[in-house]
Amino acid sequence: MSTILPSRKRGESVLPSRVSAHPRDAIQNLITRFWTACGLLAFVEIGVADCLANERRRSTKALAKDCRVDPDALGRLLAALAPQGLVAAEAETGAWYLCPAGERLINSRDDSLRSAVWTCGHPDYRQMLQMLPELVTSGTLPLPDFYSPRTFRNTAPGEEAESGQWEPQMPHAGQTILSMIRAFGDFGALLVAAEQRWADHLSDGALSVTELAERVGAEPGPVAAIAKALIGIGILTELPEDRYQLTEAGHTLRYGRPDSMRPAILMNAHPVWWDAIWNLTHVVQRGQPFLPPPHTSAYDVLRQDPDAQNLFDLFMSRRSAPVAYALGEWAATAAVPDGATFVDVGGGRGTLLAALLTALPTCRGVLLDRPVVIAQARTYLADHNVADRCEMSGGDFFAAIPQGGHTYVLGSVLHNLGDAAALHLLQLIRAAMTDGSAQLLCVDVLLPDGPQPHVGLGLLLRMMSLFPGGHERTITEYVALLHKAGFAVAATSSLPHGLSLVVARPTLS
């Protein structure tokens, strides 16, 4: 049966070479590959390869002028794609140049793969991926002519590409591009499994295609195609007699797990999130998120869409669960005085704060967030038996920060903000510290200063598509931002999901 999911050789890995620390990281890596593939699409649509053809070197500013895009947004796009081997920057000048994989995207080359990427941005293909769960249910899983397994050469979206099979001995540079393209179909398969709750149906043991199709209410043919794709990305394994069972990574898609990755997949398929990441070209051109007017931030969308807000809260709660556990372990051995007060700034439902107070039973907490979020936090903190030690503060953290706390917490807050707004918030927190031993805990991505692979590079693209000024920072940028606000980094440690804990203390004024 035909399928829009590209084939993969037996045993071919889709995961980064670095071994994941936990099965859920395999799911996050697949989501990150999808984001990075959308970055590849933007790279092609703004014509970076053509501007750097013939061994040209360009600074970010000069290249942005050639491509007619925003310099800051372009710099972040190139930083996210550099570990994929598309571009690199000269060590001394910072000028960008094409790597072999990037050269395969030059339009004038006979073996250009530019159209292979471009066709993935076709509206019909994009809509088909988003509707894949419905197509599997109805049994209509067509193979669009513009995405058949052939070699594309210099055809724009909607035009017919040259016929033929994928080149069997394609050089490594071409395989890099094709591997990135596969991320679109891989995410489509994940979306089917998440929406139809395959992991829950398979949690008690292996099922045949017919049995699984009956449970999810779909046709066996498309279910078999998706199952094969999920085997290729490490979610299912195949047993004799065409039966399928979950891998460890597949189990992380189960609905009831505290650290379930299912909400992360569904959140990325929400119409606003979906359109934003697929329109990175717009983001890079204008230097602004791609959001439906008059919204200027993803949080504006959530405030007016209760269903989206509920899904987002569930996503953040599941994402925060393993981070909170690790933070609780840190707190149990940290030098925090008895009776100290933790102030969680923008702490959502209080996932991190609850973990800290559970580990430190003599300490108290203050949770600061929007009033609508605080209402949900009361229930969460009560369920974790720490509500009697928590003060709820509904408000805007740019308006006022609770005074006199010992430990202030910023959990995935700074990456939502541009440098000016982030600096302002940090300065407000610094001014609120009256305890001489006060400290700041930041939970965020710390990108490497060089072109090493990191899960946060995909998140860099996601953040710039949804939040004005939002981006992940390198270690050097993060330390410099804290220093400018009056903090010195005392320690850092690794957390799940590619996050880091940064402990900072006020510098002497």
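Residues numbered from 1 in each chain as written. Predicted model: local features only at pLDDT ≥ 70, side-chain atom pairs only at ≥ 80, totals over all residues. Heavy atoms only, no water.

An unreviewed UniProt entry annotates the protein chain as O-methyltransferase C-terminal domain-containing protein originating from Streptosporangium lutulentum.

Engineer: What's the story with the pairing of strand β6 (residues 341-345) in this structure? I'm lost.
Structural biologist: On a regular strand, one side chain projects to one face of the sheet and the next to the other, so that they alternate. With respect to burial, β6 is a largely interior element, four of its five residues being buried. Here β6 runs beside strand β7 (residues 364-369); their pairing, made up of five bridges, is parallel. Looking at the pairing, Val 343 lines up with Val 366 of β7. One crossover worth recording links β6 to the parallel β7 by way of helix α19 (residues 351-359), and it is right-handed. Both β6 and strand β9 (residues 407-411) contribute to a ladder of three bridges, which runs parallel. (Buried < 20%, exposed > 50% of the residue type's maximum accessible area, 1.4 Å probe, protein only. Helix = DSSP H or I, 4+ residues; strand = E, 2+ residues; numbered from the N terminus. Pairing = 2+ DSSP bridges. Right-handed = clockwise from strand over helix to strand, strands pointing away.)

Engineer: How should the packing of aromatic side chains be read in this particular structure?
Structural biologist: For any pair of aromatic rings, geometry is given as the distance between the ring centres together with the angle between the planes. Tallying each qualifying case throughout the model produces 12 aromatic pairs. Taken together, a centroid distance of 6.2 Å and an interplanar angle of 85 degrees make the contact between Phe 34 and Phe 184 edge-to-face. With Phe 34 in helix α1 (residues 23-45) and Phe 184 in helix α9 (residues 172-195), this pair connects stretches of sequence that are 150 residues apart. When sorted by exposure, Phe 34 lands in the same class as Phe 184, which is buried. An aromatic cluster of at least three residues, connected via ring pairs, comprises Phe 34, Phe 184, Phe 187, Trp 274 and Trp 278. One cation-aromatic arrangement involves Arg 57 over Tyr 97; the distance from NZ or CZ to the ring centre is 4.2 Å. Positioned above the aromatic ring of Tyr 255 is the side chain of Arg 197, whose terminal nitrogen or guanidinium carbon lies 4.5 Å from the ring centre. (Phe/Tyr/Trp six-rings, centres within 6.5 Å; stacked < 30°, edge-to-face > 60°. Lys NZ or Arg CZ within 6 Å of the ring centre and 35° of its normal.)

Engineer: For this particular structure, what's the right way to read the pairing of strand β8 (residues 390-394)?
Structural biologist: Two strands pair when backbone bridges link them, and β7 and β8 are joined in this way by five bridges, in the parallel orientation. The partner of Gly 365 across the bridge, within β8, is Cys 390. Viewed along the sheet, the connection from β7 through helix α20 (residues 371-383) into β8 turns out right-handed.

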